[in-house]
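So the chains spell out like this:
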Amino acid sequence: MIYNIERLKEEIFTTKEKLIKHQLYSNINSMTQLQVFMQNHVFAVWDFMSLLKTLQINLTCTSIPWLPVGSATTRYLINEIVIGEESDVDENGTRMSHFEMYLEAMKQAEASVSKIEHFTSLIKSGESVNNSMIRANVSEGVAQFIANTFNTIYSGKIHVQAAVFTFGREDLIPGMFMTFVNSLKNSKGATLTKFKYYLERHIEIDGDHHSQLGYQMTSELCGNDSIKWMEATNAINDALQSRLILWDYINALITKIN
């Protein structure tokens with residue numbers, strides 16, 4: 001299985017490097033630009049949680065009466081990740097999901113949360129994801145990213161969902177966010193303390209524990225099936241390309257700001 005994981009990493013390396021070295025990071029030089037980034041990126045934080053819960057639903061029993069589902073190994077792996085993502089602690093030790101943590105960081109940085117809160121309120125009222133994006137006036141650059149994530153969710157292929165979650169999100173996040181942390185270290189403004197904590201927490205958790213759990217989960221689900229490994233690799237590359245489109249879109253927005 002280790003061989004398959006390493007080969008997969010090689011096949012997505014080029015696209016992943018484009019994301020890690022994207023000019024977006026160095027182009028964020030003001031609070032206004034950071035606010036624009038956060039107002040768009042928060043939707044990716046939200047749909048990450050949807051992908052996470054899809055895996056938990058598919059790999060564990062979430063209905064009554066209870067019955068054992070699938071492998072106990074994959075049940076353990078996804079439940080361990082869910083605990084960290086859905087009920088982590090903020091810098092004050094308060095329990096909250098990473099999405100809620102991000103919203104708190106946005107508010108502290110004075111980034112608008114009106115669009116994401118409108119969107120999630122529509123979801124809560126029973127609207128579909130697509131209708132909620134339209135009614136909340138979610139931009140095309142963000143909407144294509146959410147659509148890509150939900151195409152993976154609706155595919156019904158658990159091995160693909162696990163692979164995209166691991167290599168398109170969990171494994172990718174530390175490399176992308178390290179640049180942000182380095183650029184924010186010299187900031188003396190108290191308005192970024194929550195955002196710094198969020199980034200550093202992601203690097204700490206996703207860069208080690210969660211990515212390793214994700215590797216194990218992907219290996220368990222793909223097994224020795226070459227077709228599953230191919231489908232997983234193709235889906236990851238597709239997800240990374242979708243992230244590139246999102247990054248290009250946000251980068252275009254912030255470069256217009258003086």
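See the structure shown above.
A brief report on the enclosed structure follows. (Residues numbered from 1 in each chain as written. Predicted model: local features only at pLDDT ≥ 70, side-chain atom pairs only at ≥ 80, totals over all residues. Heavy atoms only, no water.)

Within the secondary structure, Gln33 is located in helix 3 (residues 31-59). A distance of 2.7 Å separates the side chain of Gln33 from the backbone nitrogen of Asn29, its partner in a polar contact. At a separation of 3.0 Å, a polar atom in the side chain of Gln33 contacts the main-chain carbonyl oxygen of Ile254. Setting aside chain neighbours within four positions, we find Gln33 in contact with Asn27, Ile28, Ile254 and Ile257. (Helix = DSSP H or I, 4+ residues; strand = E, 2+ residues; numbered from the N terminus. Polar contact = N/O pair within 3.5 Å; in protein donor to acceptor, adjacent residues only side chain to side chain. Contact = heavy atoms within 4.5 Å.)

Right, let's get into helix 12 (residues 226-254). Counted at 1.5 Å a residue, the expected span for helix 12 with its 29 residues is 42 Å, and the 42 Å between its end C-alpha atoms agrees. Its side-chain oxygen placed 3.0 Å from the backbone nitrogen of Ile227, Asp225 serves as the N-cap of helix 12. (Expected span 1.5 Å × (residues − 1).)

Backbone geometry follows two general trends: most residues other than glycine have a negative phi, and most peptide bonds adopt the trans configuration. Residue Pro65 is reached from Ile64 by a cis peptide bond, and omega for that bond is 0°. For Pro65, the position within the fold is in the loop between helix 3 and helix 4 (72-86). Of note in this structure, Glu110 is not a glycine but carries a positive phi near 60°. Structurally, Glu110 can be placed in the loop between helix 5 (98-108) and helix 6 (114-124).

Moving on to helix 5. Of all the positions in helix 5, only His98, Phe99, Met101, Tyr102, Leu103, Ala105 and Met106 are classed as buried. Just downstream of helix 5, Glu110 is the residue with a positive phi angle, here 60°. (Buried < 20%, exposed > 50% of the residue type's maximum accessible area, 1.4 Å probe, protein only.)

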